[in-house]
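Coordinate analysis (summary)
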Amino acid sequence: MKLYRKLFVTILFLGSFFLSFAQTSSTQIYTFDMKQEIGPAAWRVTQRAFAEAVNRQADVVLIRMNTYGGMVDYADSIRTKVLESKIPTIVFIDNNAASAGALIAIASDKIYMRKGASIGAASVVNPQGEVLPEKYQSYMRGLMWATAEVKNRDPRIAEAFVDPNVEIPDINPKGKVLTLTTSEAIKVGYCVAEANSIEDVIKAEGITNFQINSYQETFLDKAISFLINPAVSGILILLIIGGIYFEMQSPGIGFALLVSIVAALLYFAPLYLEGLAAHWEIGLFILGVILLAVEIFVIPGFGVAGILGLIFIVCGLALSLVLNNFFDFTVTGSESFANAFLLVAVSMVGAIVLSVIFGKSLLKTNVFQRLVLQDEQRSGMGYVSGRQKDDLLKKTGIAKTDMRPSGKIEIEGIWYDAVAMDGFITRGSEIIVEKQENYNVFVRKKA
């Protein structure tokens, strides 16, 4: 009986061992898509995907690519990540690997392409599709050449992806930027074989026992991709500046300031997470707001503090949109900052114009009025104060401080607390008392 029991335990143990061995011996394949424009969002996904692949002890990282390119600096970061990967990498070009996509693809260990796909056309262009000056092309040529060389691919072909002056007999005539089809890429050794799906790639690799794990895009990924869109960034800048403008015109309301703070958080937070907005750039923006507030509320007139405040605000917002190392734009190019600066400037001007045009009507809307206390403690309703002010109705005087809208006035040598009915009166302006209710004196700027 004991013999049977030992035999049963032995069989059970061996079965568990072989089952465990069979499970662990399967090839672990980790896949993720690169179908968006190459930029901050693509770089974020790449970082997270490779980290997860390492955690899962993946044997292969397989990237499904379909992109027309994007920003060179982020393409270079992704290229470096792929080159330095200790896990073998495969790129499956599912239609297009143009421009920055081509750079990333040739950094992988193997390339497979769908029938009818293409790779190449990697000249550096601006957002309008215009080819940038030679220094940018030279930088891209160097990246392409070095990457191809590391992966034992013909560097002349990689160079021809960028430079139309590179002539390769029977492959690329002079005067044309090279783009390879699937069959052409196979012929020159850039593509291993044609494949029409991830499963075809795995089959071509001779992998039969495998397990696929794919990167799942999170809500945070989608939110960041949405918020760093230039159009959304422009709207957020408009809300930031518009909120500051409204708060300075009507201090004490608080709602405009809240809108500005929320917009600033939505603007800077995703840029910070993507590595675009550094601490010093965010600090520059905050310092600009402080200087502007000091100029308006503490220092009379508009001088050095106000001008510096505006410059710091613009630079903080614009520099956060582009990758730089303390104004060093070697990778991104100064044009990137110029475009960011233009976006910020247009948004700021738009915010001020819209605030001036729609400001008064906004303050009168039902929604806005709900945020402001409307009740007045009038004497006719039974409210009285302990002491009445002197009879000041229709008397004239001088604003002794800036009134925003409250401040100090002087009438007949006596100072009083007063409220400007026009919202803002500069110090030194002549005023006239329009209304007096208990301790409240309401004035207008005298015409």
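Up top you'll find the structure we're talking about.
The structure presented is a predicted model; accordingly, all values stated were derived computationally and were not measured. (Residues numbered from 1 in each chain as written. Predicted model: local features only at pLDDT ≥ 70, side-chain atom pairs only at ≥ 80, totals over all residues. Heavy atoms only, no water.)

If you tally the helices and strands in the protein, you get 15 helices and 13 strands. With 447 residues in all, the protein has 42% of them scored as buried. Counted over contacts in the protein with a minimum sequence separation of 6, partners at least 24 positions apart contribute 62%. Put simply, the protein shows about 24400 Å² of open surface, and 61% of that area lies on carbon and sulfur atoms. (Helix = DSSP H or I, 4+ residues; strand = E, 2+ residues; numbered from the N terminus. Buried < 20%, exposed > 50% of the residue type's maximum accessible area, 1.4 Å probe, protein only. Contact = heavy atoms within 4.5 Å. Areas by Shrake-Rupley, 256 points an atom, 1.4 Å probe, with all protein chains shown as cover.)

On to the sheet that holds strand β13 (residues 440-445), then. With respect to topology, five strands assemble into a closed barrel ordered β9-β10-β11-β13-β12, the strand pairing being mixed. Averaged over all pairs of adjacent strands, the angle between strand axes in this sheet comes to 55 degrees, irrespective of strand direction. By the bridge criterion, six bridges tie strand β10 (residues 406-411) to strand β11 (residues 414-420) in an arrangement that is antiparallel. The residue of β11 that forms the bridge with Ser 406 is Val 419. (Pairing = 2+ DSSP bridges. Axes fitted to C-alpha atoms, helices over the stretch in contact; angles between N-to-C directions.)

Quick look at the pairing of β13 now. Bridge count for β11 against β13 is two bridges, and the pairing is parallel. Paired with Val 419 across the two strands is Phe 442, which belongs to β13. Looking at chain direction, strand β12 (residues 430-437) and β13 are connected through six bridges and run antiparallel. Among the inter-strand pairings, Lys 435 is bridged to a residue of β13, identified as Phe 442.

As a further point, take the nonpolar core. Among the nonpolar cores identified, the biggest contains 87 residues, and Ile 119, Met 144 and Leu 317 are the most heavily contacted of them. Of all the elements, helix α2 (residues 40-55) adds the most residues to this core, at seven residues. Aside from chain neighbours lying at most four places away, what touches Ile 119 is Ile 93, Ala 97, Ala 102, Ala 105, Ile 106, Ile 111, Met 113, Phe 161, Thr 179, Leu 180 and Ala 185. (Core = buried A, V, L, I, M, F, W, Y, C linked by side-chain atoms within 4.5 Å.)

On to a nonpolar patch on the surface, then. Nonpolar side chains collect at one region of the surface, where Phe 255, Leu 258, Val 262 and Leu 266 lie side by side and expose about 330 Å² of accessible area between them. Secondary-structure assignment places Val 262 in helix α11 (residues 255-273). (Patch = residues over 30% accessible without salt bridge, like charges linked within 9 Å, V, L, I, M, F, W, Y side chains within 5 Å. Salt bridge = Lys/Arg side-chain N within 4 Å of Asp/Glu carboxyl O.)

Of note, Ser 320 is situated in the loop between α13 (304-319) and α14 (334-363). The class for Ser 320 is buried, based on a relative accessible area of 0%. Once the C-alpha coordinates of Ser 320 and Phe 285 are considered, the two residues, 35 residues apart in sequence, prove to be 9.7 Å apart. When sequence neighbours within four positions are dropped, the list of residues in contact with Ser 320 reads Phe 268, Leu 271, Leu 276, Ala 277 and Glu 281. A polar contact is formed between the side chain of Ser 320 and the backbone oxygen of Gly 316, at a distance of 2.7 Å. (Polar contact = N/O pair within 3.5 Å; in protein donor to acceptor, adjacent residues only side chain to side chain.)

With that settled, the discussion passes to the packing of aromatic side chains. Taken as a whole and judged by the stated rule, the model has four aromatic pairs. Note on Phe 161 and Tyr 190: the rings are 5.9 Å apart at their centroids and 85 degrees apart in plane angle, and the pair reads as edge-to-face. Of the two residues, Phe 161 is situated in the loop between α6 (155-160) and β6 (179-181) and Tyr 190 in the loop between α7 (182-187) and β7 (193-194); the sequence distance between them amounts to 29 residues. Judged by relative accessible area, Tyr 190 falls into the buried class, the value being 2%. These aromatic residues form a ring-pair network of at least three members: Tyr 267, Phe 268 and Phe 285. Between the NZ or CZ atom of Lys 435 and the centre of the ring of Phe 442, over which it lies, the distance is 4.7 Å. (Phe/Tyr/Trp six-rings, centres within 6.5 Å; stacked < 30°, edge-to-face > 60°. Lys NZ or Arg CZ within 6 Å of the ring centre and 35° of its normal.)

The terminal C-alpha atoms of α13 lie 22 Å apart, and with 16 residues this matches the ideal 22 Å at 1.5 Å per residue to within 8%. Buried within α13 we find Ala 305, Gly 306, Gly 309, Ile 313, Val 314, Cys 315, Gly 316, Leu 317, Ala 318 and Leu 319. (Expected span 1.5 Å × (residues − 1).)

A word on the pairing of strand β1 (residues 27-34). Judged by how many residues are buried, β1 sits mostly within the fold: seven of eight residues are covered. Where β1 meets strand β8 (residues 210-214), five bridges bridge the pair, whose relative direction is parallel. Across the sheet, the residue bridging to Tyr 30 is Asn 213, located in β8. As defined by bridge partners, β1 adjoins strand β2 (residues 60-67) across six bridges and the pair is classed as parallel. Paired with Tyr 30 across the strands is Val 61, a residue of β2. With respect to chirality, the unit in which β1 leads through α2 into the neighbouring parallel β2 is right-handed. (Right-handed = clockwise from strand over helix to strand, strands pointing away.)

What follows is about the packing of α2 against helix α3 (residues 72-83). Contact geometry for α2 and α3: axes closest at 9 Å, N-to-C directions at 15 degrees. In this view, α2 runs roughly parallel relative to α3, as classed from their interaxial angle. Considering only the axes of α2 and α3, their crossing is left-handed. Of α3, the residues touching α2 (which contributes Pro 40, Ala 42, Trp 43, Thr 46 and Phe 50) are Tyr 74, Ser 77, Ile 78, Lys 81 and Val 82. (Parallel < 35°, antiparallel > 145°, perpendicular 65-115°, else oblique. Left-handed = near helix turned anticlockwise from the far one by under 90°.)

With that settled, the discussion passes to the pattern of salt bridges. Taken as a whole and judged by the stated rule, the model has 13 salt bridges. Two residues, Asp 109 and Lys 151, come together in a salt bridge whose shortest N-O distance is 2.7 Å. Here the residue Asp 109 occupies a position in the loop between α4 (100-105) and β4 (110-113), and Lys 151 occupies one in the loop between α5 (134-150) and α6, the gap between them amounting to 42 residues. You can call Lys 151 buried: its relative accessible area is 19%. Close ionic contact of Asp 163 with Arg 141 constitutes a salt bridge, the shortest N to O distance being 3.5 Å. Taken together, the positions of Asp 163 in the loop between α6 and β6 and Arg 141 in helix α5 put the pair 22 residues apart, joining distant regions of the chain. Residue Asp 163 is classed as buried on the basis of its relative accessible area, which comes to 12%.

In short, the description is geometric, and any link to function would need to be established separately.
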